[in-house]
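# Structural description and commentary
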Amino acid sequence: MAQGRERDEFVYATSRSALSVRWVQGFPKQNVHFVNDSTICYPCGNFIIFINIETKKKTVLQCMNGVVGVVATNPPYEVVAFSDRKLRPIIYIYNFPGLTRRTKLKGNVLLDYTLLSFSYCGTYLASYSSLPEFELALWNWESSVILCKKSQPGVDISQMTFNPMNWHQLCLSSPSTVTVWTIERSNQDHYLKSKLVKLPMEDGTFFNETDVIFPQSLPKDLIYGPVLPLSAMAGLVGEEAETFRPKDDVYPLLHPTMHCWTPTSDLYIGCEEGHLLMTNGDTLKVTVLSKTEDGPPMDGRNLISPVTMAYQKGGVLASGIDGFVYSVIIKDSSYKVEDFLEVEGPVEHMMFSPSYKMLLIQTDKGSVYIYTFGEEPTFERVLESRDGKFQAIDLITPGNEYCMTLTHSGEISVWCIEDGACVSRVYLNTPATALACSPSSLSAAVGTVDGSVHFLDVRDAESPQAVHKAFLSEMSVQHLLYDQRGMYLLVGTLEGYIFVINANPSSLFQILGFIEVSKGILQISTVSLLETDIVEVMVLSPLPETGRSRLEIFTLPKILPQVSAKFSDERGRLNDEFIHKILYEIEHTLSSAVLDFKSNQIYGFCNQVPYICSYLLPEKAHSGICILKLYKKVQSGHYGSGMLSLSPHGLWLITTAKCGILCIRDVHTLETFAQCRSHSHQAHGIQSVRISMDGQNILVNGKGDDTLVYLRWRQFGGNSANEIPEYCQQLLTYLNNTMDEENNYLNITQGDGSDLGSESEHTINKNMRSSIDSSQEELVQVDNTKTISWIQQKGQEAIKKEVKLFSEKRKEIKKGIKALAKTVLNMIEENEAVHPTAKLEQQEFGLDLEELERLHDESEEEVAKIRKDIEMHNLAKRYLAQLIKEECWNSMAVKGRALKCFHIPCVVENFPMKERTGEELKELKRVLQQKKIETECRKLQKEIVEVQSTITLVKKHHEEEEEEEEEDVVVKDTNLPNYLLGSLSTDFGIHASLLSSQLELHAREEKINQIILLKDIIYKVKTVFNNEFDAAYKQKEFEIAHVKERNIRIQEIILYLDLNESVWLPEFDDCEKPERTLVVEDSEITAHKHVNPWQKAREELIETHKIEQWLLTQIPETRRRALMDMMGGVLEVKREDILKMAIPQPAFMAKPDTLWSEEERKQFKDYEKKVKELNEERDKYRKSLEAEMKKLQNSIHESTQNFDEHLKRLFERRVKAEMVVNQEELKINNLVYSLLLDEEISSREAFLNNYLVRKQEEKSRTSEAIRKSREDLDVYKEHYDNLLAEDKVLDRSFKKEFSEIPSHQVDILYKLFKRRPRIHKQKVHSDTASIIPFGERPGSGKLNKDAFAQLMKTMDDLDNINNMPEGLDSLVWDRFCTTRRAKVENEQKVKQKAAGLMEMSAFLRRRVEDDEKVQQEIEKVFHELILLQEEKGKFQLNLTVQILLKQGQVELENFQLLLEYSDAILINRNIIEDLNSVIRTQGQKKVASMMESKDVHKGIFQIEWEHKKMEMEMEDLNQKAWDIQMLFFSRDRQKYLNEQNYEKSVALQIGIMEQTIDVLDKTHKKNVENCKKLLKKLGKSSNQKDVANYSLSCNLREELVAVSERKDICNAMESKLTCEKIAKERYENMMQQRKLINISKEQAEQISILQAEVERLRMKTFPSLAQM
């Protein structure tokens, strides 16, 4: 691909012989630079434009690889450097003014260079690249090599400058950082080192940064362990820990916008917040300069954000976005701001000329001004920017003198073709889109966004004027095109209309009509030949749905202006039959298409593939759409979509595309004979091309680079060069005949054009008002203040005719509308009086059906939207509720609930608990298993260590003791005091035997296991309490059920007694049954349920059916009626019913008692007796009921009271359980904190180790650099010493070399030999010295070469023959001059070597300093590691132990006490102090006596210990003596001591044993063989046995069946006897076994006695060595 690009560049370069760039017009988008004192330059598209400030002459340098990237200049060398923008860009360096390429710099940058900067002295160039390298490189541009480079990923730089006084310093600034890079050189090696400038915060203050790696001010926490840096807390161990800062510690800093150097190598930095900083170039110390206000305020202006700065003596010149240039006078640490200059717009860039006599000021729009200093300062504009980029261009007929450009804002400029100077400008003050110049008159048309076309008179190019305006439509104008003879102007709009306008000013630019074509017009092309009377027009438009392109061809006759009214409809649309409109389609998409002048062929530029195709038009007429077939295609040589256009003479086909290449082809062969790369694909290629009538002048406009390029031929025309002038002459002759006459009409148009539009509109409106009667004025209204378009005027005229035609019908409709309106008004009044719920909205009374339908659709959409929003809201609520329910209810193995007392306000809650996961249980099981294994291991270790004192104990007793020991251990572990366990978990029956002691938790694994066990204890405590809670909950359920049962009887008694008492009925609250909250009851829903009509009908039917069923059940029955009549409706009469019964009064009691008979009186007495008995019975029964009710109530109260007492105890239990949980959680938190701190310490240790490794690697690099530097310095010093020795040899050998001449002449020559010429320095003028702030800058290589050349030139003067002493031979003089010249050259070399030697020594010194700093860092890291290890050891030993203390023993800090001083009294301070002194004295005495007693006890303990030590030593000595006496002395040892040849006897025994072993081996082999034979026999027999066993097993099954049958029979017959027999046999066997066991025990005792006797007898044979 790269080779292809190089090949394309070569092709474009070779084609430059045909076309040449004469001038380029464009405005700077980057900074403008000085090349020398009189020339500035700036990039523009593919070119760099040089402007001479004095003569305003422009010179152009073209970049052959596309758009120019960044540009930099070097005024001392007068060179320009720029980069191209392509893959792997290159930096080019050109000389000025020759514009010859000096060198080409190729680096490894992949995409683009963003900054270039030359050093002020020396041949150094700094470059900075963008993504992905972000690489800073230092070049020696003369030798085209990279001296050094450094990458800083992710850092975008906005400004880069060298120190004018020291090329070793380079400053790079970005919106957030400022970095100073130091370039160090050692002989030919260069190195880059960076230092970051520490910027202050936004308020101008400095943040006290602490050392992140080795913080010195960390607090010491003696309780909770060491306090580590934040990076260790974050767990960072890599390089990111060196710069880590938490979010709270990151403060916003100042944002630099611009910087500049001072002669003292300091930096002035302007910030976005308005601060001005001064930075020392050596120490990089930043000082915030303070602003002083001496004078009055500057009209509310403030220097907020300096966009650019330029240094001058005593301060800087700064500018911002307010259009002012300020002079900032700096003195010490303060500055004063004064107005220096006012510019018309915001200043973007400023710089001084090399001589500091001129100041260049560049605005944000591209204007460039030069301010010249002097006694009378001048301020002139060098480059005036335009308002926006070039939207369209065209040549003023005939195209040899002037051209026009149009910007989007409506600025029209006229340019001289000869030199590219701007002749005049016109502002339309409206957004514009298109421009076209008329071939038939000196006029131009401009299309605007609002749909208007403005016509301009350009007869006088220096003062063009707008003469007419045609408002066509409200849609934007997209295309403007004159035909070749200038008869018609075709205007294409966005909506797909093409308006045809008479292009002659004599017709006042009459609008002839419009043609409707497809929307999205891509191109319009015309063919208007001299020999024809028609103009053929072709319109190209896309068909995106089908992937095709449509071509619409129509003809406009020459007589159209005379007959336009006849062949267009009332709305101005031209008839298709009149214009012969034909439709064609192409099966693929085209981006451009033109019609051949012969009108039989179409050329198209393919949109998807890089081909130019031609299509033949059919000769026969057709109807409908015709599909054109491909006739010919050639490769375009472009990439991207392109455009085609024909030259005015029709012999050339011009192709342009996004690649930026202009190709001119022969229209017959489509072969390219000329091409030029005027633009590039990075700027989206070429937008438009215009060619003059004679084809000599070509104007090219870029699409994205905002550049206008003028091209001319070097070798004109190609194959058709002879035909072009002839056609051009004919066309010009034809046009000149009408041009003079039409130009004269421009005067008339200019006089009347401004009022033309308004007059026509006034006439139309007047006619319309006169023609429409009063009944129609409300329907047709014309706004006099608003200008309407031509197409709207035509529409209104058509409407006016329709109104005249249907006026009577309209009157009738209007009457009906008025009646309907009256009815609607009445309805609205009635609507206002109804209830608000029944009131209709105002918009519902509209009679416009379409509007009602629209409102209905809008309401439906709104309802659907609201319904969807509600559904989504409800769905979100349900999802959230499901999440909450799943998390807080479903996932709980034990649901959270509470219990309330019956009579007191006491509530007890249980512990909600989740089910433990499988991982937790698995981890717990692992820890428990590990703890059990550890316990068993400790037991075994204890058994191994301890000496068994009782060997002969029975195994049974030993096992019992082990069991007792295990029980003791458990009891001991579980009975540990609570203050050692740190919690009260044992009160809940939780065994803590597996917990490790708090004093033994040193290892990380132990702490983790302890946390798991503590969580298990918490779980068990909660489980124990929850079980108790569940029991109480069941008890309350039982109590409530019991109360309900008793309340039934109480309610019956109350009902019988007719009491007004209420029954106490306890119920569960919602907190006791929380599952109620998850169920929505019907009573909770307050809204009415929406019932559909069918549901309502179904419910009514069901209700009717129920009523019918009830009526059927109410039919009287004989049995029921008889029961009511006879027994009162009951079958059994109860006591309560009898008491309720009343005794009926006798009938005679209605009469007076005087009329009663004796019989009646007796009946009355019986009646009274019965009533009395009944009343007494009732009273007894009432009292019994009252007693029963009171008993039931007391029973209920007593049982509920007992439950309340139980719940109170449960509440205390709950408090205690919560205490235990909190205690265990506190222990867990302490352990977790210790684990976290352990991780932090590990992270800190890992970081220090990694940091140490990096520093050690850096130490190796610095050591290697020191070694290399010393080697280079030694070699260089050796060369220097040799050169110095040669210089001394030349000095000493002078007299020897001239020994043949007399001595006095030798002395004269020696004096001349020592003589050196004086080099006259160029005196700087006083005014220049006062202006230039940097003065004389340090010498560079170029200056040294110039000085040496000047020295050699002055040596030529000394070598002149006139300076030869008298009497000296000329040959000797020549030899002398040669020797002296060699001496001078050698001295210059020595000086250069000496300077290099000093530089290398300084470089070595800096490397040594760096090495020492790295060594100090390494030592610091080692020291930090030692301290960290000590802290780690202390942390692992100093454990946090939780101890339970009784109330009154907890010590609190003073700040934790909250004292109440309401009952306090005041006491004199002296009394308290005296009392405290007495107490302190007595305490000191007591402490002293305690110390004395402690020392005495200590001495006693020491003496006792020494006494015990001596006793133990004595016992050890006695034991050793006894061991020596009882030492076993075997016969072998005696034999060894007695025999002299012990070794021979041993060797003899060994030989005998070897022989014995051989015999045994042979015997063993024989036995093995015999065994093998035996095994074979046994195998055979086993196989036989297997067969026999199989047969036996088969028989055994049959026998087992028979046995089982017999067994069943026996069991049925004599089962009892058989069992007794078996039991008797077992008893006899047990007695026999017991006897045998006793016999074996007696025999074992006898054997042990015998063994002891044997041992005693054997010990007698041992020799006794006791002292006699």
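Okay, the overall build of the protein chain next. What the protein chain contains, in helices and strands, is 24 helices and 61 strands. By residue count, 37% of the 1668 residues in the protein chain fall in the buried class. Taking the contacts inside the protein chain whose residues are at least 6 apart along the sequence as the reference set, 56% of them involve residues at least 24 apart. Accessible area for the protein chain stands at about 103,000 Å²; split by element, carbon and sulfur atoms hold 54% of it.

What follows deals with the packing of helix α12 (residues 1004–1057) against helix α16 (residues 1158–1292). Axis separation between α12 and α16 bottoms out at 9 Å; the angle between their running directions is 165°. One way to sum up the angle between α12 and α16 is to call them roughly antiparallel. Judged by the twist between their axes, the crossing of α12 over α16 is left-handed.

Membership of the largest hydrophobic core comes to 57 residues, with the highest contact counts inside it found for M404, I412, V446, L551, I602, L628 and L653. With six residues, the top contributor of residues to this core is helix α5 (residues 723–771). Contact partners of L628, with chain neighbours within four places excluded, come to L551, Y584, E585, I586, I602, Y615, L616, L617 and P618. Listed in part, the 45 residues of the second largest apolar core include V382, V689, L699 and L708.

This part takes up the sheet that holds strand β39 (residues 488–493). Taken in spatial order, the four strands make up an open sheet running β38-β39-β40-β41, and their pairing is antiparallel. Two strands in the sheet have a free side with no partner beyond their single neighbour: β38 (477–482) and β41 (511–516). For this sheet the average axis-to-axis angle between neighbouring strands, irrespective of direction, equals 20°. For β39 and strand β40 (residues 497–502), the ladder comprises five bridges, and the chain directions are antiparallel. Each bridged residue has a counterpart across the sheet, and for Y488 the counterpart in β40 is N502. Where helix α6 (residues 790–805) meets the sheet, it contacts β40 and β41, and its direction lies at approximately 90° from that of β41.

Turning to the sheet that holds strand β23 (residues 315–319), a few remarks are in order. Taken in spatial order, the eight strands of this open sheet run β18-β19-β20-β21-β25-β24-β23-β22, and their pairing is mixed. Each edge of the open sheet is held by one strand with a lone partner, namely β18 (256–261) and β22 (308–312). Within the sheet, the average angular offset between the axes of one strand and its neighbour, ignoring direction, is 30°. Bridging between β22 and β23 involves five bridges; their strand directions are antiparallel. Counterpart to M309 in the pairing with β23 is A318.

The description of two aromatic rings rests on the distance between their centres and on the angle between their planes. Inspection of the entire model under this criterion finds 35 aromatic pairs. A ring pair is formed by F340 and F373, whose centres lie 6.2 Å apart and whose planes are at 35°; its orientation type is tilted. Of this pair, F340 sits in strand β25 (residues 334–342) while F373 sits in the loop between β28 (368–372) and β29 (378–383), and the two are 33 residues apart along the sequence. According to the relative accessible area criterion, F340 is partly exposed, its value standing at 24%. You can call F373 partly exposed: its relative accessible area is 27%. The structure contains a cluster of three or more aromatic residues connected by ring pairs, namely F340, F352, Y356, Y369, Y371, F373 and F379.

Bringing the environment of K633 into the picture now. As for its placement among the helices and strands, K633 is situated in strand β50 (residues 630–635). In this structure, the C-alpha to C-alpha distance between K633 and Y615, residues 18 residues apart in sequence, is 9.1 Å.

With that out of the way, let us pick up the packing of α16 against helix α21 (residues 1370–1437). It is at 7 Å that the axes of α16 and α21 come closest, and there the two elements cross at 160°. Compared by their axis directions, α16 and α21 come out roughly antiparallel. Pair α16 / α21 crosses with left-handed handedness. Of the residues that constitute the contact of α16 with α21, the class distribution is 28 nonpolar, 13 polar and 21 charged.

The next subject is the confidence of the model for the protein chain. Confidence in the prediction of the protein chain, expressed as mean pLDDT, is 81, and 86% of residues score 70 or more. Within the model, the stretch residues 1–16 combines pLDDT values under 50 with 13 contacts to residues more than four positions away or in other chains. This stretch, residues 751–785, has a pLDDT under 50; its non-local contacts, to residues over four places away or in other chains, come to 33 contacts.

You can see S173 is positioned in strand β15 (residues 166–173). Once residues within four sequence positions are removed from consideration, S173 is found in contact with I157, S158, Q159, V178 and H259.

Let us now look at unusual backbone geometry. Following F96, the chain continues to P97 via a peptide bond in cis, the omega torsion being 10°. By secondary structure assignment, the location of P97 is in the loop between β8 (90–95) and β9 (101–106). Even without glycine at this site, R88 takes up a positive phi of about 60°. Tracing the backbone shows R88 in the loop between β7 (79–84) and β8. Positioned with a positive phi, F134 is a non-glycine residue whose angle comes to about 50°. Looking at where F134 falls in the secondary structure, it is placed in the loop between β11 (124–129) and β12 (135–140). Of the residues examined, F134 reaches a relative accessible area of 7% and is grouped as buried.

Most of strand β24 (residues 324–331) sits out of view: six of its eight residues are buried. Bridging between β23 and β24 involves five bridges; their strand directions are antiparallel. Bridged to G315 within β24 is I329. Counting the residues in the hairpin turn of β23 and β24 gives four residues, including G323, whose phi is positive at 85°.

Summed over the entire model, instances satisfying the criterion amount to zero disulfides. Sulfur of C437: no disulfide; nearest cysteine sulfur belongs to C403 and is 8.9 Å away. For C437, a relative accessible area of 8% puts it in the buried group.

The rules behind each value
Residues numbered from 1 in each chain as written. Predicted model: local features only at pLDDT ≥ 70, side-chain atom pairs only at ≥ 80, totals over all residues. Heavy atoms only, no water. Helix = DSSP H or I, 4+ residues; strand = E, 2+ residues; numbered from the N terminus. Buried < 20%, exposed > 50% of the residue type's maximum accessible area, 1.4 Å probe, protein only. Contact = heavy atoms within 4.5 Å. Areas by Shrake-Rupley, 256 points an atom, 1.4 Å probe, with all protein chains shown as cover. Axes fitted to C-alpha atoms, helices over the stretch in contact; angles between N-to-C directions. Parallel < 35°, antiparallel > 145°, perpendicular 65-115°, else oblique. Left-handed = near helix turned anticlockwise from the far one by under 90°. Core = buried A, V, L, I, M, F, W, Y, C linked by side-chain atoms within 4.5 Å. Pairing = 2+ DSSP bridges. Phe/Tyr/Trp six-rings, centres within 6.5 Å; stacked < 30°, edge-to-face > 60°. Nonpolar A, V, L, I, M, F, W, Y, C, P; charged D, E, K, R; others polar. pLDDT = per-residue confidence, 0-100. Disulfide = S-S within 2.5 Å.

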